[in-house]
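Coordinate analysis (summary)
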Amino acid sequence: MEWKNEFTRLLGITYPLIQAPMLGITTPAMVAAVSNSGGLGSLPVGGLPPEKVTALIREVKGLTQQPFAVNLFTYEPAAQYDRKVFDDMQDFLQFLCGANGLAAPTVNFDAVPFYSWREQVPVLIAAGIRYVSFTFGMPDPQGFALLKAHNIFLMGTATSVEEAIALKAAGADAVVAQGIEAGGHRGSFLPGALPVVGTMALLPQVIDRVRIPVIAAGGIMDGRGVAAARILGAAAVQTGSIYLRAHESAATPAHKAALAGITDTDTLLTRAFSGRWARGVRNTLITEVEASGLPISDYPYQDTLTQSIRKVARELDNTGFINMWAGQAAGKARAWSAADIFAELVRETEALLH
Ligand SMILES: Cc1cc2nc3c(=O)[nH]c(=O)nc-3n(C[C@H](O)[C@H](O)[C@H](O)COP(=O)(O)O)c2cc1C
């Protein structure tokens, strides 16, 4: 099986291997290392202020001349949210942090900082970004039209066949089929029960229904996973957890050490950190918020409540209060450079497929 395919040709890359965008973990150095290795690095900017997005893109461009993608959170925040739910959770989190020696500033409900993908798109256009992936929904028709008018290749995240069909119908150029094994937030965006479909089941069903390139994501940690996804028909593979312990990862030392020992059953899906379902390693904050029985505000309000806690916890390297997103197979992540991790993935896959 050749590495080159329609996807690599469209993007001008050597290998159809994408480094998943991981907000809080992915650094410009990680993006550049993967792009310089012939894959596609992805820079996550979901919810970041436009000036920060500009600075991060500039940093990546300073490190690589190769193609890379920028990743957006394309959702519409709930118009209504419940102040009492927000305040009760804030009181609880303040108590919990106090009891654990963390001094995290409180958040003013009326001044919840929030940056929409709409404010970020002009920055991407001005920077000449050619590849954009998105999760938590999709741009509205005007957003699609604007991005398309600038020849931007659009990759949307789907966690069910129905979502993949919706993305294609809206104009996505490729779909990321995200299995339930995946670390981090679920990209799920259609109303109803959360889809909980594994990569192996989701991928062929999506491929059969959308005639655009499908990118496999979730639980892929080595050449066996890449080979399996390619044989199932994936145009490309997107891996996140494989880079969690990379030298270029922004995870703190204790965070990386905690990931080193995890097994297949050590992650769970939780809304405790952000209000959106995400897969990560259980820790004090998750356990206590879930045990409190308190309702959790929808994203991004719960996310805003835990932001200062996560910041303080990172400074103290306190893994009880850091959101340690990780996939079901993340225990296989190696503490290597991103370039070495990438090269090993290529080598293992070639040993199986070529
Ligand atoms: C720490 C972490 C952060 C993530 N952040 C993002 C993000 O900002 N945007 C996004 O589209 N996906 C994000 N994801 C999901 C990845 O894009 C991808 O679906 C997932 O990593 C694939 O599964 P794997 O972790 O088993 O490789 C994140 C995943 C992890 C592990």
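Residues numbered from 1 in each chain as written. Predicted model: local features only at pLDDT ≥ 70, side-chain atom pairs only at ≥ 80, totals over all residues. Heavy atoms only, no water.

As recorded in an unreviewed UniProt entry, the chain goes by the name Propionate 3-nitronate monooxygenase, listed as coming from Chitinophaga hostae. Per UniProt, the chain has the following entry under Catalytic activity (unreviewed entry): "3 propionate 3-nitronate + 3 O2 + H2O = 3 3-oxopropanoate + 2 nitrate + nitrite + H2O2 + 3 H(+)". Recorded under Cofactor (unreviewed entry), the UniProt text for the chain is reproduced unchanged: "FMN". (UniProt positions renumbered as here; feature names shortened; annotations may be inferred.)

What follows is about the overall build of the chain. Along the backbone of the chain there are 13 helices and eleven strands. Relative to its length of 354 residues, the chain is compact, with a C-alpha radius of gyration of 19 Å against a globular reference of 20 Å. Considered along the principal axes of its C-alpha atoms, the chain spans approximately 55 × 45 × 40 Å. By residue count, 58% of the 354 residues in the chain fall in the buried class. Once local pairs closer than 6 in sequence are excluded, the contacts in the chain between residues at least 24 apart make up 68%. Summed over its atoms, the accessible surface of the chain is roughly 14,300 Å², and 54% of this surface lies on carbon and sulfur atoms. When the 28 positive and 31 negative side-chain charges of the chain are each reduced to one mean point, those points stand 5 Å apart. (Helix = DSSP H or I, 4+ residues; strand = E, 2+ residues; numbered from the N terminus. Rg over C-alpha atoms; globule rule 2.2 N^0.38 Å. Buried < 20%, exposed > 50% of the residue type's maximum accessible area, 1.4 Å probe, protein only. Contact = heavy atoms within 4.5 Å. Areas by Shrake-Rupley, 256 points an atom, 1.4 Å probe, with all protein chains shown as cover. Lys, Arg positive; Asp, Glu negative; His and termini not counted. Charge placed at Lys NZ, Arg CZ, Asp CG, Glu CD.)

Turning our attention to the packing of helix 3 (residues 50-63) against helix 5 (residues 117-126). Closest axis-to-axis distance for the helix 3/helix 5 pair is 9 Å, and the angle between their directions is 30°. As judged from the angle between their axes, helix 3 and helix 5 are roughly parallel. Our pair here, helix 3 against helix 5, has a crossing hand that is right-handed. Residues Pro-50, Val-53, Thr-54 and Ile-57 of helix 3 pack against Glu-119, Gln-120, Val-123 and Leu-124 of helix 5. The residue inventory of the contact of helix 3 with helix 5, partitioned by class, reads five nonpolar, two polar and one charged. (Axes fitted to C-alpha atoms, helices over the stretch in contact; angles between N-to-C directions. Parallel < 35°, antiparallel > 145°, perpendicular 65-115°, else oblique. Left-handed = near helix turned anticlockwise from the far one by under 90°. Nonpolar A, V, L, I, M, F, W, Y, C, P; charged D, E, K, R; others polar.)

This next bit is on the site of the ligand. Near the ligand there are 22 residues, and of these Pro-21, Asn-71, Gly-219, Gly-240 and Ser-241 occur at the shortest range. A distance of 3.2 Å separates an oxygen atom of the ligand from a polar backbone atom of Leu-23. Between the ligand and Gly-183, the relevant distance is 3.2 Å, taken from an oxygen atom to a main-chain nitrogen or oxygen of the residue. Isolated, the ligand exposes 600 Å² of accessible area, and the fraction of that covered by the protein chains is 97%. Going through the elements one at a time, strand 3 (68-73) and strand 9 (236-239) are the ones with two or more residues in the shell around the ligand. Looking at side-chain class alone, the shell around the ligand contains eleven nonpolar, eleven polar and no charged residues. (Near = heavy atom within 4 Å. Polar contact = N/O pair within 3.5 Å; in protein donor to acceptor, adjacent residues only side chain to side chain.)

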